[in-house]
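Structural description and commentary
These are the residues of each chain, in order.
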2 protein chains.
Amino acid sequence: METFSEKRAISQAVIRRLPRYYRILSDLLMRNVDRISSTEFAEIIGSTASQVRSDFSLFGEFGQQGYGYNVHYLYVEIGRILGLDRVHTMIIVGYGNLGHALCNHKNFYRRGFLLRGIFDNNPEVIGKPVNDLTVLSTDVLPDFLKDHTIDIAVLCIPSTHAKEVAKILCQNGIKGIWNFSSTDLSVPKGVEVENVHLTESLLTLSYKLQKDSE
Amino acid sequence: METFSEKRAISQAVIRRLPRYYRILSDLLMRNVDRISSTEFAEIIGSTASQVRSDFSLFGEFGQQGYGYNVHYLYVEIGRILGLDRVHTMIIVGYGNLGHALCNHKNFYRRGFLLRGIFDNNPEVIGKPVNDLTVLSTDVLPDFLKDHTIDIAVLCIPSTHAKEVAKILCQNGIKGIWNFSSTDLSVPKGVEVENVHLTESLLTLSYKLQKDSE
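A few words on the overall build of chain A. Assigned secondary structure in chain A consists of ten helices and nine strands. Each principal axis of the C-alpha atoms in chain A carries an extent, and together these give about 60 × 55 × 35 Å. When the 214 residues of chain A are sorted by exposure, 53% land in the buried category. Put simply, 56% of the contacts in chain A that link residues at least 6 apart link residues at least 24 apart. Carbon and sulfur atoms make up 48% of the accessible area of chain A, which totals about 10,600 Å². One way to put it: in chain A the 23 positive side-chain charges average out to a point 3 Å from where the 24 negative ones average out.

As structure tokens, then:
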């Protein structure tokens, strides 16, 4: 069967919304909701029914007048577009507070992101047991990546070392970097980077507060 | 002196870019770069010179042909738009791994975000010293907010309790919520929410990888 994702290109704006749709559909499933109208869905996400219908129409004609959308079907199809019908292997580089927090984030495991290694260059941290893993020295990263198939590296190290470590990761076959290091990385073609700049998010909130106070 | 931020409304898209511009200008200042052309700036941020010129033109005519932009001036002006010319007081609700990581994030302090309280409902955590603070029980949150002027609450608690705690925060005068709790909050008018959905960011990376492998 041909899936809709093979049929059409999906715009960047829609793609940015998909992870959120997916989370909400997942919540609905957990609450045993099996169908939903575009109006109800729009209300949950704070959007409009026409936007929802337009986005969902990209996935084929799932909605039915007077019936709404089948939640499970949408969930599975959006999951497939997001690559969640397969397992991703992951390593964390930098076992500071943030690395620590991410190691214990249960949602990642639930979505099929499996942590296979944790690396740090601090001798006080190397050797520490973390769940079923042990923190390894960043020095052994290239060897580790030769021996293991890893899809994603999570960069939780200071910006001063990020570029250097990113280079090592790319040279050893990493295809995706989830970057928390507060610096922009330049990576070779074929490597994808998703940045999480926490400070920038806080500054956006600051902007909104500043604007309200004017 | 009238500032440009009083002159014009700035579009949402530009606002989303400002925190990043601000970070890059800050890096440039630290490297003692005192002026930069739109082309150089565009290269750093992976945009186009015309986009940069268009965005910066909102802040008045700072650029000069053959000279470029004054880095310090832009830095100060964008900082002002972002509300960084004043100090923000902050509390963290939820002292798990993520709360722990955020408590120790030096960038926040550097940008004028001052942590004034940490709250948790876990008896094993309540009473713990954290830098110059002590973790308090979430039960005392309303009293604390009556006695202290707090601008921003950082929500690092599970989604199951987030809505309930957000309600308490809003009832006690919090104007900004930085929400890490993986759920959408509905707040009264006048309260601003900035969401950080880490799983959604990871799913976006997963999407990119999936697309590359097709």
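Having seen the structure, we can now continue with the description.
Turning to the confidence of the model for chain A, a few remarks are in order. All names here are of chain A. Summarising the model, chain A shows a mean pLDDT of 89, and 93% of its residues fall at 70 or more. Looking at the elements of chain A, mean pLDDT is at its lowest for helix 1 (residues 4-7), recorded as 45, and at its highest for strand 7 (residues 152-155), recorded as 98. Low confidence marks residues 1-7, where pLDDT is under 50. Its contacts with residues over four positions away, or in another chain, come to eleven contacts. Among the scores for the predicted complex, ipTM is 0.87 and pTM is 0.85.

Next up on the list: the pattern of salt bridges. Tallied over the full model, the rule gives 16 salt bridges over all chains. Arg23 of chain A is the partner of Asp184 of chain B in a salt bridge, and the nearest nitrogen-oxygen pair spans 3.4 Å. Residue Asp184 of chain B is located in the loop between strand 8 (176-179) and strand 9 (192-195), and its partner Arg23 of chain A is located in helix 2 (residues 12-30); the two belong to separate chains. Residue Asp184 of chain B shares its accessibility class with Arg23 of chain A, and that shared class is buried. Here Glu194 of chain B ties to Arg16 of chain B by a salt bridge, and the two come within 3.5 Å at their closest N and O atoms. Here Glu194 of chain B, found in strand 9, pairs with Arg16 of chain B, found in helix 2 (residues 12-30); they are 178 residues apart in sequence, far enough to count as distant.

Bringing the relation of the copies chain B and chain A into the picture now. Least-squares fitting of chain B to chain A yields an RMSD of 0.0 Å, with the superposition described by an axial translation of 0.0 Å and a rotation of 180°. Those values place the two copies in the arrangement expected of a two-fold rotation axis. Mapped onto chain A, 100% of the interface residues of chain B again fall at the interface, so both copies present the same surface.

To continue, consider the interface of chain B and chain A. With 55 residues of chain B in contact, the opposing surface of chain A contributes 55 residues. Between chain B and chain A, a total of about 5,100 Å² is buried, with carbon and sulfur atoms accounting for 61% of that surface. The largest contributions to the chain B side of the interface with chain A come from Leu202, Leu203 and Tyr207 of chain B, which together make up 13% of the buried area. If you look at where chain B meets chain A, you find eight salt bridges.

Moving on: the sheet that holds strand 9 of chain B. Sheets are built from strands that pair by backbone hydrogen bonding, the pairs being arranged parallel or antiparallel. All names here are of chain B. As summarised here, the arrangement of the seven strands in space is 5-6-4-3-7-8-9, forming an open sheet in which the pairing is mixed. Each edge of the sheet is formed by a strand with only one pairing partner; in this case those strands are strand 5 (129-130) and strand 9. Sheet strands touched by helix 9 (residues 159-171): strand 3 (88-93), strand 7 (152-155) and strand 8. Its angle to strand 7, the strand with the most contacts, is close to 170°.

Residue and element names in this part refer to chain B. Direction vectors running N to C along helix 3 (residues 38-45) and helix 4 (residues 49-57) enclose 105°, while the axes themselves pass 8 Å from each other. As summarised for this structure, helix 3 and helix 4 are arranged roughly perpendicular, according to the angle between their axes. Contacts from Ser38, Thr39, Phe41, Ala42 and Ile45 of helix 3 reach helix 4 at Ala49, Val52, Arg53 and Phe56. Grouping the constituent residues of the contact of helix 3 with helix 4 by class yields six nonpolar, two polar and one charged.

Moving on to the packing of aromatic side chains. Under the counting rule described, the total for this entry stands at 16 aromatic pairs over all chains. Seen in terms of ring centroids, Tyr22 of chain B and Tyr75 of chain B are 4.6 Å apart; in terms of plane orientation they differ by 10°. Their pairing is stacked. Within this pair, whereas Tyr22 of chain B is found in helix 2, its partner Tyr75 of chain B is found in helix 5 (residues 71-81), the two being separated by 53 residues in sequence. Residue Tyr22 of chain B shares its accessibility class with Tyr75 of chain B, and that shared class is buried. Seen in terms of ring centroids, Phe119 of chain B and Phe144 of chain B are 5.0 Å apart; in terms of plane orientation they differ by 75°. Their pairing is edge-to-face. Within this pair, whereas Phe119 of chain B is found in strand 4 (residues 113-120), its partner Phe144 of chain B is found in helix 8 (residues 141-147), the two being separated by 25 residues in sequence. On the accessibility criterion, Phe119 of chain B (0% relative accessible area) is buried. Relative accessible area serves as the criterion here: at 10%, Phe144 of chain B is assigned to the buried category. In textbook terms, an aromatic cluster arises when at least three aromatic residues are bridged by ring pairs, as seen for Tyr21, Phe41, Phe56 and Tyr69 of chain A.

Criteria and cut-off values
- Residues numbered from 1 in each chain as written.
- Chains lettered and ligands numbered in written order.
- Predicted model: local features only at pLDDT ≥ 70, side-chain atom pairs only at ≥ 80, totals over all residues.
- Heavy atoms only, no water.
- Helix = DSSP H or I, 4+ residues; strand = E, 2+ residues; numbered from the N terminus.
- Buried < 20%, exposed > 50% of the residue type's maximum accessible area, 1.4 Å probe, protein only.
- Contact = heavy atoms within 4.5 Å.
- Areas by Shrake-Rupley, 256 points an atom, 1.4 Å probe, with all protein chains shown as cover.
- Lys, Arg positive; Asp, Glu negative; His and termini not counted.
- Charge placed at Lys NZ, Arg CZ, Asp CG, Glu CD.
- pLDDT = per-residue confidence, 0-100.
- Salt bridge = Lys/Arg side-chain N within 4 Å of Asp/Glu carboxyl O.
- Least-squares fit on C-alpha atoms with pLDDT ≥ 70 in both.
- Buried area = accessible area lost by both parts, 1.4 Å probe.
- Pairing = 2+ DSSP bridges.
- Axes fitted to C-alpha atoms, helices over the stretch in contact; angles between N-to-C directions.
- Parallel < 35°, antiparallel > 145°, perpendicular 65-115°, else oblique.
- Nonpolar A, V, L, I, M, F, W, Y, C, P; charged D, E, K, R; others polar.
- Phe/Tyr/Trp six-rings, centres within 6.5 Å; stacked < 30°, edge-to-face > 60°.

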